[in-house]
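Structure at a glance
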Amino acid sequence: MTQRGGEDTGTTARVRIVAVEGLWGPEELAAFLNIPVKTLRDWRLKKYGPPFSKLGKHVRYDPAAVRAWVADASAA
């Protein structure tokens, strides 16, 4: 039971933790790959690099797809 100021409030606190990895922007991906953001821009223009999505004017990368692309590129 939750206590407030020494008195029992009669409620039980419940916490739900959800592990969700959000999408990465170019800055996060550049840091992950240890490359300049400009390289990612060049890759997108050349149709190379990890898959990306455009949400309005914003470029985003799915971390799972990036890891799969890195694994494929490393295996080649």
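Structure: above.
The paragraphs below set out a description of the structure included in this document. (Residues numbered from 1 in each chain as written. Predicted model: local features only at pLDDT ≥ 70, side-chain atom pairs only at ≥ 80, totals over all residues. Heavy atoms only, no water.)

In this section: the overall build of the protein chain. Helix and strand content of the protein chain: three helices and four strands. Going from the N terminus to the C terminus, the protein chain shows its helices and strands as β-β-α-α-β-β-α. Relative to its 76 residues, the protein chain shows a buried fraction of 18%. As displayed, the protein chain offers around 6,100 Å² of accessible surface, 54% of which is attributable to carbon and sulfur atoms. (Helix = DSSP H or I, 4+ residues; strand = E, 2+ residues; numbered from the N terminus. Buried < 20%, exposed > 50% of the residue type's maximum accessible area, 1.4 Å probe, protein only. Areas by Shrake-Rupley, 256 points an atom, 1.4 Å probe, with all protein chains shown as cover.)

Residues of helix α1 (residues 26-33) that are buried: Pro26, Leu29 and Ala30. In an axial view of α1, the angular spread of the buried residues amounts to 100 degrees, which keeps them on one side of the axis. Exposed residues on α1 whose side chains face more than 90 degrees from its buried face are Glu27 and Ala31. Among the structural elements, α2 (37-45), β4 (58-60) and α3 (63-75) are those in contact with the buried residues of α1. A positive backbone phi angle near 60 degrees is found at Asn34, which sits one or two residues after α1. (Arc of directions from axis to C-beta. Contact = heavy atoms within 4.5 Å.)

This next bit is on the pattern of salt bridges. Applying the stated criterion across every chain, the model contains one salt bridge. Here Lys38 ties to Asp42 by a salt bridge, and the two come within 3.1 Å at their closest N and O atoms. Here Lys38 pairs with Asp42, and both are found in helix α2, just four residues apart, close to one helical turn. (Salt bridge = Lys/Arg side-chain N within 4 Å of Asp/Glu carboxyl O.)

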